[in-house]
Amino acid sequence: MNETRKSVLANMLLAAVALFINGFGVYLTIHADFGASPWDVLNLGLSNTFGILYGTASIIVSVTILIIDIILKEPIGIAMFIDAFLVGKAVDFFNYIDVIIIPKSVIGKIVMIFVGLVIMGYTQYLYMKAALGCGPRDTLLVGLDKRIKKLPIGIISILLLSMATFVGYLLGGKVGIGTLICAFCAGPVMQFAFISVKFDAAKIEHQRLSKGIKVLLGR
């Protein structure tokens, strides 16, 4: 996989399309207006505090995490950069066209959040199938797990999400029941999506950035 220029370009397109649709899933979880996911609480907090678009705040957070990943010497792939810049701006696009009505009932809000999570789960499968790198946040989690051996990865994940939520809340990000739903259900929903398409993420060997660039340049 990704041994030719054509295959790398095809998988870059697959990752880009998947991440754009993933942005629609993120948009639904936010637009339900029931409390955003932990990382989105941070993005929205930055957006409110500095008067910038959600997508711009998302890029700032993603690039910051990407720099930390590089410092930790974790594997970096082409799709990680697509992820960092595309998802947030996709959310901005869907906010701009504003075609989805916010549900008034609690059940309606919860349904919208789960629809968003399902979309995110299946697009995550397509994105990872491209084998051009994991997301900056997932890479950070794995990198920290390698270095903090006294804590299980689940606890490290909870600490990261808690920190993002706390800082975002202080900056004015909206926290609610939806935050808890996203924090505790995003993983299981993604796992269900992977199982339904018989996808084993552990078997994917992601191409490093240096190798991807060499293939694209024909070297």
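Quick notes on the rules
- Residues numbered from 1 in each chain as written.
- Predicted model: local features only at pLDDT ≥ 70, side-chain atom pairs only at ≥ 80, totals over all residues.
- Heavy atoms only, no water.
- Core = buried A, V, L, I, M, F, W, Y, C linked by side-chain atoms within 4.5 Å.
- Buried < 20%, exposed > 50% of the residue type's maximum accessible area, 1.4 Å probe, protein only.
- Helix = DSSP H or I, 4+ residues; strand = E, 2+ residues; numbered from the N terminus.
- Contact = heavy atoms within 4.5 Å.
- Salt bridge = Lys/Arg side-chain N within 4 Å of Asp/Glu carboxyl O.
- Expected span 1.5 Å × (residues − 1).
- Bend = angle between axes of the 7 residues up to and from the residue.
- Patch = residues over 30% accessible without salt bridge, like charges linked within 9 Å, V, L, I, M, F, W, Y side chains within 5 Å.
- Areas by Shrake-Rupley, 256 points an atom, 1.4 Å probe, with all protein chains shown as cover.

Enquirer: Account for the nonpolar core, naming residues and giving values.
Expert: Core analysis: the largest hydrophobic core is formed by 38 residues, its most contacted members being Val 26, Ile 30, Tyr 54, Val 91, Ile 113, Leu 117 and Tyr 127. Counting residues per element, the ones that place at least two in this core are helix H1 (5-31), helix H2 (38-50), helix H3 (54-71), helix H4 (78-97), helix H5 (106-129) and helix H8 (177-196). Apart from residues no more than four positions distant in its own chain, Ile 113 is found in contact with Thr 29, Ala 32, Phe 34, Gly 178, Ile 181 and Cys 182. The next biggest cluster of nonpolar side chains, apart from the first, holds 13 residues, and it includes Leu 42, Leu 140, Ile 156 and Ala 164.

Enquirer: I'd like to hear about the pattern of salt bridges, residue by residue, with values.
Expert: Where charged atoms from two side chains of opposite charge come close, those side chains can pair. Counting across every chain of the model gives five salt bridges. For the salt bridge of Asp 92 with Lys 89, the shortest nitrogen-to-oxygen distance reads 3.2 Å. In this pair, Asp 92 and Lys 89 are both assigned in helix H4, three residues apart and thus about one turn of the helix distant. Assessed through its relative accessible area of 12%, Asp 92 is described here as buried. Connected via shared salt-bridge partners are Glu 74, Lys 146 and Arg 147.

Enquirer: So, H4: which residues are in play, and what are the values?
Expert: Taking 1.5 Å per residue as the helical rise, H4 with its 20 residues ought to reach 28 Å, and the 29 Å between its terminal C-alpha atoms agrees with that figure. In H4, a bend of some 25 degrees at Leu 86 exceeds every other bend along the element. Within the span of H4, buried status applies to Ile 78, Ala 79, Met 80, Ile 82, Asp 83, Ala 84, Val 87, Gly 88, Ala 90, Val 91, Asp 92 and Phe 94. In this structure, the buried residues of H4 make contact with H1, H3, H5, helix H6 (136-147) and helix H9 (209-217). Two residues or fewer past H4, Asp 98 is found with a positive phi of approximately 45 degrees.

Enquirer: Mind laying out a nonpolar patch on the surface, listing which residues take part and the relevant values?
Expert: A surface patch of nonpolar side chains, amounting to about 780 Å² of accessible area, comprises Leu 13, Val 17, Phe 20, Ile 21, Phe 93, Tyr 96, Ile 97 and Val 99. Looking at the nonpolar patch, the elements with two or more residues in it are H1 and H4. In terms of residue count, H1 provides more of the nonpolar patch than any other element does, four residues in total. Relative to the elements of secondary structure, Leu 13 occurs in helix H1.

Enquirer: If you had to explain unusual backbone geometry to someone new, which residues and values would you point to?
Expert: In this model, Asp 33 sits at a positive phi of 55 degrees, which is unusual for a non-glycine residue. Here Asp 33 is to be found in the loop between H1 and H2. Within the chain, Asp 98 stands out as a residue other than glycine whose phi angle is a positive 45 degrees. Its location among the elements puts Asp 98 in the loop between H4 and H5. With a relative accessible area of 47%, Asp 98 lands in the partly exposed category.

On their own, these measurements won't tell you what the molecule is for.
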